[in-house]
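# Examining the three-dimensional arrangement
Here is what each chain is made of, one letter per residue.
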Amino acid sequence: FVAGAGAGMVAAAVTTPFDVVKTRRQVYSSVASLGGEAVDRSAASGNGSTPQVIRAIVREEGLAGLFRGLEARVLKITPACAIMISSYEAGKRALGLLD
């Protein structure tokens, strides 16, 4: 259980910058498709390729901008990974598939 929680924490921390970029690109895409005239077309808002958005976020918000929402993401993913890995191990044990 503890190993799964630790793995989840590390995975959440490492992947948060990519999740931030993905979310910004999704939001930009949704807002732009609604035809809003006041759409922010800057890369930091999600307009552009992944590397462009990453560079724009770092330039405008600093490195911390890539880790927005880290705490919430860790709180969400840590217990999920702990439960998933524990369930997997319990299933293996129940089926007699342990090495």
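The paragraphs below set out a description of the structure included in this document. Per-chain numbering applies: the sequence of each chain, read as written, is numbered from 1 onward. Selection of residues for local features in this predicted model requires a pLDDT of at least 70, selection of side-chain atom pairs for listing and counting requires 80 or more, and totals for whole chains, interfaces and linings are taken over all residues. Note that the side-chain values use all heavy atoms of the structure and ignore hydrogens as well as water.

### A word on the overall build of the protein
- Secondary structure assignment for the protein yields 3 helices and 0 strands.
- Reading the helices (α) and strands (β) of the protein from amino to carboxyl end gives α-α-α.
- Three exposure classes are used, based on accessible area relative to the maximum for each residue type with a 1.4 Å probe and protein chains only: buried under 20%, partly exposed in between, and exposed over 50%. Burial analysis of the protein (99 residues in total) assigns 27% to the buried set.
- Computed with the Shrake-Rupley method and a 1.4 Å probe, the accessible areas treat only the protein chains shown as cover for residues. Here the protein has roughly 6500 Å² of accessible surface; of this, 65% comes from carbon and sulfur atoms. Secondary structure elements are defined from DSSP: runs of H or I of at least 4 residues count as helices, runs of E of at least 2 residues count as strands, and each element is numbered from the N terminus.

### A closer look at helix H2 (residues 50–61)
- The span one expects for a helix is its residue count, reduced by one, times 1.5 Å. For H2, with 12 residues, the first-to-last C-alpha span of 16 Å sits near the 16 Å given by 1.5 Å per residue.
- All of the buried residues in H2 are Val53, Ala56 and Ile57. Seen along its axis, H2 keeps its buried residues to an arc of 100 degrees; they face one direction. Across H2 from its buried face, at more than 90 degrees, point the exposed residues Arg55 and Arg59.
- Directly after H2, the chain includes glycine 62, whose backbone phi takes a positive value near 85 degrees. Along the arc lie the directions from the helix axis toward the C-beta atoms.

### A look at the nonpolar core
- Judged by nonpolar contacts, Val20, Val21, Val53, Ile57 and Leu66 together constitute the single largest core of 5 residues.
- Elements that contribute at least two residues to this core include exactly helix H1 (2–33) and H2. To define a nonpolar core, start from buried Ala, Val, Leu, Ile, Met, Phe, Trp, Tyr and Cys residues and group those joined through side-chain atoms within 4.5 Å.

### Quick look at helix H3 (residues 70–94)
- An ideal rise of 1.5 Å per residue puts 36 Å on 25 residues; H3 measures up with 35 Å between its terminal C-alpha atoms.
- If you check which residues of H3 are buried, you get Arg73, Val74, Ile77, Thr78, Cys81, Ala82 and Lys92.
- The first or second residue beyond H3 is glycine 96, which carries a positive phi of 70 degrees.

### Focus: the pattern of salt bridges
- For this document, the term salt bridge refers to a Lys or Arg side-chain nitrogen within 4 Å of an Asp or Glu carboxyl oxygen. Taken as a whole, this structure holds 4 salt bridges when the rule is applied.
- The shortest N-O distance in the salt bridge between arginine 24 and glutamate 61 comes to 2.8 Å. Taken together, the residues arginine 24 in helix H1 and glutamate 61 in helix H2 connect sequence positions 37 residues apart.
- By relative accessible area, glutamate 61 is classed as partly exposed at 27%.
- For the salt bridge of arginine 68 with glutamate 61, the shortest nitrogen-to-oxygen distance reads 3.0 Å.

### Remarks on the environment of arginine 24
- Given a relative accessible area of 17%, arginine 24 falls into the buried group.
- Here the alpha-carbon distance between arginine 24 and asparagine 47, two residues 23 residues apart in the chain, equals 8.2 Å.

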